[in-house]
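# Structure assessment
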Amino acid sequence: MNRDQYVPQIPYGTRDLLPREAKQKRTVENSLADLFTKWGYEEVITPTFEYLQTLSIGAGDEMLQHVFKFFDKNNRILVLRPDMTTPLARVAATRLKETPPPVRLFYLTNVFRHELAQAGRQCEFYQAGVELLGASDPAADAEVVALAVNAMLESGLANFQISLGQVEFINGIMAESGLEAEYRHKVKHCMVTRDLVGLGEILSQCGLSTGTQKLLQRIPLLHGRNDMLDQAYHLVQNDLSRQALDNLADIRRLLTGYGVDQYVNFDLGIIRDLDYYTGMVFEAYTPGLGFPLCGGGRYDKMVAAFGIECPATGFALGIERVLLALERQGININIKAKDVYIAWKQGLLSKAIATAQEQRGLGRIAELALGPQTRDQAEVAQRERGYRELIYIE
Ligand SMILES: N[C@@H](Cc1c[nH]c[nH+]1)C(=O)O
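A quick note: this is a predicted structure, and the numbers were derived from the prediction, not measured.

So, on to the nonpolar core. Membership of the largest hydrophobic core comes to 106 residues, with the highest contact counts inside it found for Phe36, Leu164, Phe169, Phe282 and Phe315. Ignoring any residue separated from it by four or fewer positions in sequence, one finds leucine 164 in contact with Val145, Leu248, Ile251, Leu255, Val264, Asn265, Phe266, Asp267, Met280, Val281 and Phe282.

UniProt tags residues 13-326 as "domain: Aminoacyl-transfer RNA synthetases class-II family profile" (unreviewed entry). Spanning residues 13-326, this segment combines 45% helix with 20% strand, and its end C-alpha atoms are found 21 Å apart.

With that out of the way, let us pick up the pattern of salt bridges. Counted by the stated rule, this structure contains 16 salt bridges. Its salt-bridge partner being aspartate 141, residue arginine 298 comes within 3.0 Å of it at the nearest N-O pair. On the criterion of sequence distance, the pair formed by arginine 298 in strand 11 (residues 294-298) and aspartate 141 in helix 5 (residues 138-154) is long-range, its members being 157 residues apart. A salt bridge links glutamate 367 to arginine 385; the shortest N-O distance between them is 2.6 Å.

Moving on, we get to the layout of surface pockets. Its boundaries defined by the atoms lining it, the second largest pocket holds a volume of some 450 Å³. What lines the second largest pocket is a set of 22 residues, and nearest its centre among them are Arg20, Glu21, Gln24, Leu323 and Glu327. At the level of secondary structure, the elements contributing two or more residues to the lining of the second largest pocket comprise helix 1 (19-38) and helix 13 (319-328). The element contributing the most residues to the lining of the second largest pocket is helix 13, with 6 residues.

Residues in close proximity to the ligand total 17 residues, the closest being Thr85, Arg113, Glu131, Arg272 and Tyr277. A distance of 2.6 Å separates a nitrogen atom of the ligand from a polar side-chain atom of tyrosine 277. Out of a free accessible area of 310 Å², the ligand has 97% covered by protein chains. Elements supplying a minimum of two residues to the shell around the ligand: strand 6 (124-133), strand 11 and strand 12 (312-318).

Moving on, we come to the sheet that holds strand 4 (residues 77-80). On the basis of which strands lie adjacent, the open sheet formed by 3 strands has the order 2-4-3 and antiparallel pairing. At either end of the open sheet lies a strand with only one pairing partner, and these are strand 2 (49-51) and strand 3 (69-71). Across the sheet, the mean angle from the axis of one strand to that of its neighbour is 40°, orientation sign disregarded.

Cut-off values and rules
- As a convention, each chain's residues are numbered from 1 in the sequence order in which they are written.
- Predicted model: local features are reported for residues with pLDDT of at least 70 only, side-chain atom pairs are reported and counted for 80 or more only, and whole-chain, interface and lining totals are derived from all residues.
- Note that water and hydrogens are dropped before the side-chain values are worked out from all heavy atoms of the structure.
- Definition of nonpolar core: a set of buried residues of the types Ala, Val, Leu, Ile, Met, Phe, Trp, Tyr and Cys, connected through side-chain atoms within 4.5 Å.
- Only protein chains enter the area calculation, which uses a 1.4 Å probe; residues under 20% of their type maximum are buried, those over 50% are exposed, and those in between are partly exposed.
- Throughout, a contact is declared for two residues whenever any of their heavy atoms are within 4.5 Å.
- UniProt positions are given in the numbering used here, feature names are shortened, and annotations may be inferred rather than shown by experiment.
- Helix and strand assignments follow DSSP, with helices taken as H or I runs no shorter than four residues and strands as E runs no shorter than two, numbered in order from the N terminus.
- In the sections that follow, a salt bridge refers to a side-chain nitrogen of Lys or Arg positioned within 4 Å of a carboxyl oxygen of Asp or Glu.
- Site definitions follow a grid-based scheme: protein atoms alone, a 1 Å grid, a 1.4 Å probe that fits but cannot get out for cavities, and for pockets an open set with protein on both sides within 12 Å along at least five of seven lines, plus lining residues having an atom within 4 Å of a point.
- Grid points are joined across faces, edges and corners, and a volume is the space filled by probe spheres set on the points.
- Distances are taken per atom, and a residue is near a molecule or strand as soon as one of its heavy atoms is within 4 Å of it.
- What qualifies as a polar contact is a pair of N or O atoms within 3.5 Å, subject to a donor-acceptor requirement within protein and to the restriction that residues adjacent in sequence count only when both atoms come from side chains.
- Accessible areas in this description were obtained via Shrake-Rupley with a 1.4 Å probe; residue shielding takes into account the shown protein chains only.
- For two strands to pair, DSSP has to find at least two bridges joining them.
- Structural elements are reduced to axes, namely lines fitted to C-alpha atoms, with helices fitted over the stretch in contact, and the angle between N-to-C directions of any two is expressed from 0 to 180 degrees.

Structure, rendered in structure tokens:
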């Protein structure tokens, strides 16, 4: 191909982050890393790709349908990590298995899922998240939800809600009704996609009693505050669903102590699109964005699949989604301003270098001109390059 005609492209679902965006991303990430550290979480870094065989142990089928696969030299299948929960479950069950629980880990990294790309949702995207491993108490879930609220606030967002659900609520109803696995999967899929029409159609095909059909159709509408939990309690008789509601009430009580009550409500239709969850699940929403900014929940079986019993809970926040929400809501985050442009008259470069180093030593952002400039040229350059101040060495 003629080189002049070739327009270089980047792969579907990827993006270049230019300086302004990269700076915003770094600012949000730095503040989240500080926050997670303050709560006693420690950063871990794992390989960008894993063996498909390893990942399949922890990740469910749903996740595996979206992974990017390739081969190593020995023809073993590799996958780009689709999230960090599965790699961290592997780490917890192997290299950290002697560490006394609970283990608190955090990460800030890119993950990869083959999806329909749109604003705030690319195939390569960035997550900041935590995993709290080795604790099954509601206190662990409450900590993770409270930390998610604090992470949203720390990112600069104020107008958001966290919706708490519990996957065992619907599991209890489906088990009691004797619904076949194939239909359970379809029902859950409709709930995840909030496809109420599809849900009605499936329920009418699977031979359930009218009462159970109506109950399952009501689940996506069961959202609200404490009184909704009471209402739901009276809709079900089975133990699993009732324990799920008790568990949510316990978590809610503990959240009051964190002072984050106003950001949290219940939504029993939240079951998340990943199949490893076993208990409490949650998602954070903000007006004007049709997808969650952050999500997570309890996954008590994943680490066990890697070899050791270890209940766990956690969440991940989508960095690009948060940046998009900030932009749409007109919220400016505090990005470090460019402080000073240092220009110099012919022959004075050494003095200018010393000045630049001095300024940087004071913690200021200082850019040094590479060639001599007149004062007029320096003023133009200062403005064009976005510096608040000019030091002209003459
Ligand atoms: N890995 C999940 C979030 C999560 C972290 N821990 C539990 N859930 C996701 O990518 O959405």
